[in-house]
Amino acid sequence: MMKNCLECGEKIVGREDKKFCSDGCRNAYNNKINKDSNNFMRNINNKLRKNYRILSEINIEGKSKTTRAKLLSKGFDFVFFTNILNTKTGNTYYFLYDQGYMLLDNDYIMLVKKDI
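The sections below set out a description of the structure shown in this document. Since we're looking at a predicted model, the values are computed, not measured.

**Considerations on the overall build of the protein**
Here is step 1: A tally of helices and strands in the protein yields 3 helices and 5 strands.
Here is step 2: Starting at the N terminus and walking to the C terminus, you meet the elements of the protein as α-α-β-α-β-β-β-β.
Here is step 3: Against the 2.2 N^0.38 benchmark of 13 Å for 116 residues, the protein shows a C-alpha radius of gyration of 22 Å, more extended than a compact globule.
Here is step 4: Taken over the C-alpha atoms alone, the protein extends approximately 70 × 30 × 25 Å along its principal axes.
Here is step 5: Each of the 116 residues in the protein was classed as buried or not, and the buried ones make up 25%.

Shown next, in the form of structure tokens:
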């Protein structure tokens, strides 16, 4: 049975389970499916990426301290994070994927990195 490429509709030659005629068509198809569906999602994902980048640049050692002012000066937005971890000792960590932070006294912030 002859199949057509899911992206361009051309006839596919090769293995019977192939879905695309070329790598270019496969990439184009997957990029369309995986792109952020609207501006709202895209803007949030951009903010998460920016926050992650800032934490990664500052927290090179995997555990360090910084200030709220330093994070804000780099454009960090405290509203956007991926998850919260409440420890048994009552500490609250905010994470952006594997990069996290805990608010300390006097506007200091403890930065941590999860081992994954």
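**Some points on the pairing of strand 5 (residues 108–113)**
For a regular strand, side-chain orientation follows a simple rule: the groups alternate between the two sheet faces.
Here is step 1: Relative to strand 5, strand 1 (residues 63–67) runs antiparallel, the two sharing 5 bridges. Bridging across to strand 5, T67 finds its partner in Y108.
Here is step 2: Relative to strand 5, strand 4 (residues 99–103) is paired through 5 bridges, and the arrangement is antiparallel. Residue pairing across strands places Y101 opposite L111, the latter belonging to strand 5.
Here is step 3: Here strand 4 hands over to strand 5 after 4 residues, with N106 in that stretch at a positive phi of 55°.

**Looking at the side chain of Q99**
Here is step 1: Tracing the backbone through its elements, the reader meets Q99 in strand 4.
Here is step 2: By relative accessible area, which is 3% here, Q99 ends up buried.
Here is step 3: Side-chain polar atoms of Q99 contact the side chain of N59, separated by 3.3 Å.
Here is step 4: In this structure Q99 touches Y52, L55, S56, N59, Y94, V112 and K113, once residues within four positions along its chain are discounted.

Calculation criteria
- Residues numbered from 1 in each chain as written.
- Predicted model: local features only at pLDDT ≥ 70, side-chain atom pairs only at ≥ 80, totals over all residues.
- Heavy atoms only, no water.
- Helix = DSSP H or I, 4+ residues; strand = E, 2+ residues; numbered from the N terminus.
- Rg over C-alpha atoms; globule rule 2.2 N^0.38 Å.
- Buried < 20%, exposed > 50% of the residue type's maximum accessible area, 1.4 Å probe, protein only.
- Pairing = 2+ DSSP bridges.
- Polar contact = N/O pair within 3.5 Å; in protein donor to acceptor, adjacent residues only side chain to side chain.
- Contact = heavy atoms within 4.5 Å.

From the geometry alone we can't say anything about function, so treat these as descriptive.
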